[in-house]
Amino acid sequence: MTTDLETWGIHYAQGARMPPSLRVLRYHFSTYLRTWRSSLTSSFLSPVLYLAAMGVGLGSLINHHVGTVGGVPYLSFVAPGLLAASAMQVAANDSMYPVMAAIKWIRTYYAMLATPLRVSDVLIGHFAWVTARLVLSAVAYLGVMAAFGTIHSPLAVLALPAAILTGLAFASTISAFSATQKNDQGFATVSRLGLIPLFLLSATFFPLHQLPGWMHPIAYATPLFHGVNLCRMFTTGQVDWGSAGWDLAYLGAVSVAGVLLCARFFTRRLVV
Amino acid sequence: MPVRSSASLDAPQRRSEPAAGAVCSARGLSKRFGELVAVDEIDFDIELGESFGFLGPNGAGKTSTMRMIACMSPRTAGTLSVLGMDPDREGAAIRSRIGLVPQEDSLDLQLTVLDNLMVYGRYFDLPTKVIRERAERLLAFAQLTERAGDTVDPLSGGMKRRLTIARALVSEPDLLILDEPTTGLDPQARHLLWDRLYRLKRQGVTLVITTHYMDEAEQLCDRLVVMDKGRIAASGTPSALIDRYSSKEVLELRFLGEDAPRERLEGIGERVEVLPDRVLISTADGDRALDEVHRREVEPASWLVRRSSLEDVFLSLTGRTLVD
């Protein structure tokens with residue numbers, strides 16, 4: 001039985017002032033206003049610290065002994081990797097505990113679903129909010145990268161959508177996972193066995209050919225590798241468009257699959 | 001107020017057409033979760049402006065019924081009409097005219113009292129100016145005006161409950177659904193809440209209330225159904241139910257540290273019910289029953305003659321007390 005409760009897509013009542021999913025986005029913004037200072041500070045502080053430590057500290061050592069990496073100074077090599085990895089982290093942060101809280105602890109989703117809002121509105125609003133957070137954090141990262149002199153091409157503007165798409169691939173799949181969880185124990189596992197290994201092994205810090213050959217297919221299979229690859233091509237200006245096309249297609253496919261899973265799991269969890 | 005005789009509602013299950021003009025009407029309404037039957041083919045009609053109660057112990061199916069009426073949970077079988085629409089097809093339109101006070105508060109603890117109302121009003125697509133005006137009135141109604149700028153987290157249970165009710169009213173709903181509005185509140189907070197609900201009733205808001213408190217049902221409901229194990233065990237006005245299923249008065253006897261002398265009490269009043277902690281004797285005249293107890297030289301530790309209540313109705317219908 002298809003019920004109205006499960007109907008998908010953006011819907012407008014005739015004469016609605018604001019689309020329902022934007023009302024959800026507005027809610028997220030209201031809660032953000034309570035913590036925006038600390039959030040904004042960390043959005044800038046984190047790239048400054050990472051680039052200073054990894055790039056300047058480690059980078060000067062590498063530049064001294066090895067020379068350039070992939071044709072650019074190490075700082076310029078590692079910065080776009082960190083940009084993509086931070087998009088992953090921001091997306092994961094907003095898709096684990098906040099989703100669990102809205103389902104179970106604070107029950108925000110149930111409050112929303114008692115009003116004219118539907119599951120689809122709740123989800124679209126959630127992704128709109130995560131996107132907004134990704135934009136903010138990626139713009140901060142790119143700004144700090146520019147200040148560190150690691151932007152080598154006007155194509156770097158394309159690193160912004162690339163980082164956002166990387167984030168959405170994680171946000172959608174992790175949100176779907178969160179909607180299936182009874183409690184928050186699984187999140188520690190996602191971080192320990194998922195995010196941290198990806199962060200370390202997705203060519204973020206060193207070129208893929210440094211890893212043994214049997215690990216290459218694993219790297220190729222992870223979304224972060226493709227995100228790092230895209231961001232790096234755009235900020236260094238060394239773009240292989242064929243490879244970029246594959247990266248885009250891969251991240252797009254993961255995002256779409258994640259959103260479809262979300263539709264299924266959120267409905268199953270919230271409409272019983 | 002439309003009052004049905006309880007007799008007609010208790011007639012053997014012959015399903016009539018849903019009542020035209022009822023705010024909410026169900027026929028054969030069922031909800032199953034896998035093997036578990038939460039709501040088992042129930043019928044009811046809720047009329048405009050009345051205060052209608054679902055009374056029963058935990059697990060009787062009250063909340064499942066509420067969630068179906070609130071268009072948050074699809075029904076498994078039967079027909080259901082809310083505000084003249086079908087929840088399966090027009091859920092969002094129905095929800096735009098309903099206020100829901102869920103069993104567990106779903107307030108945003110990090111936001112202020114006022115912001116909780118603003119955010120919720122926006123879900124209904126109300127203009128900010130309108131929400132602000134209503135919020136002022138609703139906060140006064142909920143006695144929270146002074147706390148408007150405080151975050152919700154440190155508020156007392158009673159305050160959170162009143163805020164949840166204020167929030168449910170921000171859309172000026174035609175139907176207000178309250179799922180166990182006073183569970184977990186101290187007596188003072190309960191009475192304040194009842195007073196607020198009375199005011200709404202007087203303004204003509206149709207109320208649907210679930211409760212497992214007999215006194216609450218007696219205080220607030222024009223009509224009610226008693227639910228047990230997913231079914232409706234009886235329905236009618238509180239006084240009609242008491243008339244029909246209980247005697248006028250009840251004599252309660254307590255025996256400390258010894259078993260009640262069941263056989264020596266037999267035949268007193270209309271019915272003798274032995275519970276773990278007390279004995280209930282249903283009777284038209286409690287004082288005469290007490291005289292008879294004394295005449296038989298039964299010495300209870302304490303006794304009490306009281307009007308019979310919905311709790312006695314529930315007991316006589318199901319043989320069980322309501323557990324808090």
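Residues numbered from 1 in each chain as written. Chains lettered and ligands numbered in written order. Predicted model: local features only at pLDDT ≥ 70, side-chain atom pairs only at ≥ 80, totals over all residues.

A. View of the overall build of chain A. Secondary structure summary: chain A contains 11 helices and 0 strands in total. Element order for chain A, N to C, with α for helix and β for strand: α-α-α-α-α-α-α-α-α-α-α. Taking 19 Å as the expected radius of gyration for a compact globule of 272 residues, we find that chain A reaches 20 Å, a close match to that expectation. Principal-axis analysis of the C-alpha atoms places the extent of chain A at approximately 65 × 40 × 35 Å. Out of the 272 residues belonging to chain A, those deemed buried represent 44%. In chain A, the proportion of contacts linking residues at least 24 apart, taken out of those at least 6 apart, comes to 81%. (Helix = DSSP H or I, 4+ residues; strand = E, 2+ residues; numbered from the N terminus. Rg over C-alpha atoms; globule rule 2.2 N^0.38 Å. Buried ≥ 20, exposed ≤ 12 C-beta atoms within 10 Å, placed from the backbone. Contact = placed C-beta atoms within 7 Å.)

B. A look at the pairing of strand E1 (residues 24-33) of chain B. Residues and elements named next belong to chain B. As defined by bridge partners, E1 adjoins strand E2 (residues 36-46) across 7 bridges and the pair is classed as antiparallel. Paired with arginine 32 across the bridge in E2 is valine 37. The antiparallel pairing of E1 with E2 creates a hairpin that spans 2 residues between the two strands, and glycine 34 there sits at a positive phi of about 60°. Bridge count between E1 and strand E4 (residues 77-82): 5 bridges; the pairing is antiparallel. Across the sheet, residue alanine 26 finds its bridge partner in E4, namely leucine 80. (Pairing = 2+ DSSP bridges.)

C. Seen up close, the environment of glutamate 299 of chain B. One can find glutamate 299 of chain B in the loop between helix H11 (286-295) and strand E13 (302-307). The sequence separation of glutamate 299 of chain B and leucine 256 of chain B amounts to 43 residues, and the corresponding C-alpha distance is 10 Å.

D. Quick peek at the packing of helix H4 (residues 97-105) of chain A against helix H7 (residues 159-180) of chain A. Residue and element names in this part refer to chain A. Running from amino to carboxyl end, H4 crosses H7 at an angle of 30°, the nearest separation of the two axes being 9 Å. What the angle tells us is that H4 and H7 run roughly parallel. Crossing of H4 against H7: the hand is right-handed. Residues Val99, Met100 and Ile103 of H4 pack against Ser175, Ser178 and Ala179 of H7. (Axes fitted to C-alpha atoms, helices over the stretch in contact; angles between N-to-C directions. Parallel < 35°, antiparallel > 145°, perpendicular 65-115°, else oblique. Left-handed = near helix turned anticlockwise from the far one by under 90°.)

E. Representation of the packing of helix H10 (residues 223-236) of chain A against helix H11 (residues 241-270) of chain A. Residue and element names in this part refer to chain A. For the pair H10 and H11, interaxial distance at closest approach is 9 Å and the crossing angle is 140°. By the angle between their directions, the pair H10 and H11 is classed as oblique. Pair H10 / H11 crosses with left-handed handedness. Along its contact with H10, which presents Pro223, His226, Gly227, Asn229, Leu230 and Met233, the element H11 presents Ser243, Ala244, Asp247, Tyr250, Leu251 and Val254. Counted by class, the contact of H10 with H11 contains 7 nonpolar, 4 polar and 1 charged residues. (Nonpolar A, V, L, I, M, F, W, Y, C, P; charged D, E, K, R; others polar.)

F. Quick look at the sheet that holds strand E9 (residues 231-236) of chain B. Residues and elements named next belong to chain B. Taken in spatial order, the 6 strands line up as E5-E6-E7-E3-E8-E9 in an open sheet, and their pairing is mixed. Unpaired on one side and paired on the other, strand E5 (98-101) and E9 mark the two borders of the sheet. Strand-to-strand, the axes of this sheet are offset by a mean angle of 15°, without reference to chain direction. In terms of strand pairing, strand E6 (residues 175-179) meets strand E7 (residues 206-211) through 5 bridges, oriented parallel. Opposite leucine 175, over in E7, you have threonine 206 as the bridge partner.

G. A look at the nonpolar core. With 150 residues, the main nonpolar core has Leu83, Ala87, Met88, Ala91 and Ala163 of chain A together with Ile177 of chain B as its most contacted residues. Residues in contact with alanine 87 of chain A, not counting those within four places in the same chain, are Leu134, Ser137, Ala138, Ala163, Ile164, Thr166, Gly167 and Gly227 of chain A. In terms of nonpolar packing, the next biggest core, distinct from the first, is built from 11 residues, Val250, Ile268, Val279 and Leu280 of chain B among them. (Core = buried A, V, L, I, M, F, W, Y, C linked by C-beta atoms within 7 Å.)

H. Representation of the pairing of strand E3 (residues 51-55) of chain B. Residues and elements named next belong to chain B. Most of E3 sits inside the fold, with 5 of its 5 residues counted as buried. Every second residue of E3 is oriented toward a common face, with Ser51, Gly53 and Leu55 on one face and Phe52 and Phe54 on the other, all of them buried. Sheet analysis places E3 next to strand E8 (residues 223-228), joined by 4 bridges and oriented parallel. Looking at the pairing, phenylalanine 54 lines up with valine 225 of E8.

I. Seen up close, unusual backbone geometry. Residues and elements named next belong to chain A. Even without being glycine, arginine 107 reaches a positive phi, approximately 65°. With respect to the helices, strands and loops of the structure, arginine 107 is situated in the loop between H4 and helix H5 (108-113). Its 18 C-beta neighbours within 10 Å are what place arginine 107 among the partly exposed residues.

J. Structural context of H4 of chain A. All names here are of chain A. Among all positions of H4, only Pro98, Val99 and Ala102 are buried. Along the axis of H4, the buried positions cluster into a sector of 105°, meaning they face one direction only. In the stretch just after H4, arginine 107 is the one whose phi turns positive, near 65°. (Arc of directions from axis to C-beta.)

K. Region of interest: the interface of chain A and chain B. Taken together, the contacts link 26 residues of chain A with 27 residues of chain B. Classifying every residue of the side of chain A that touches chain B gives 14 nonpolar, 5 polar and 7 charged.

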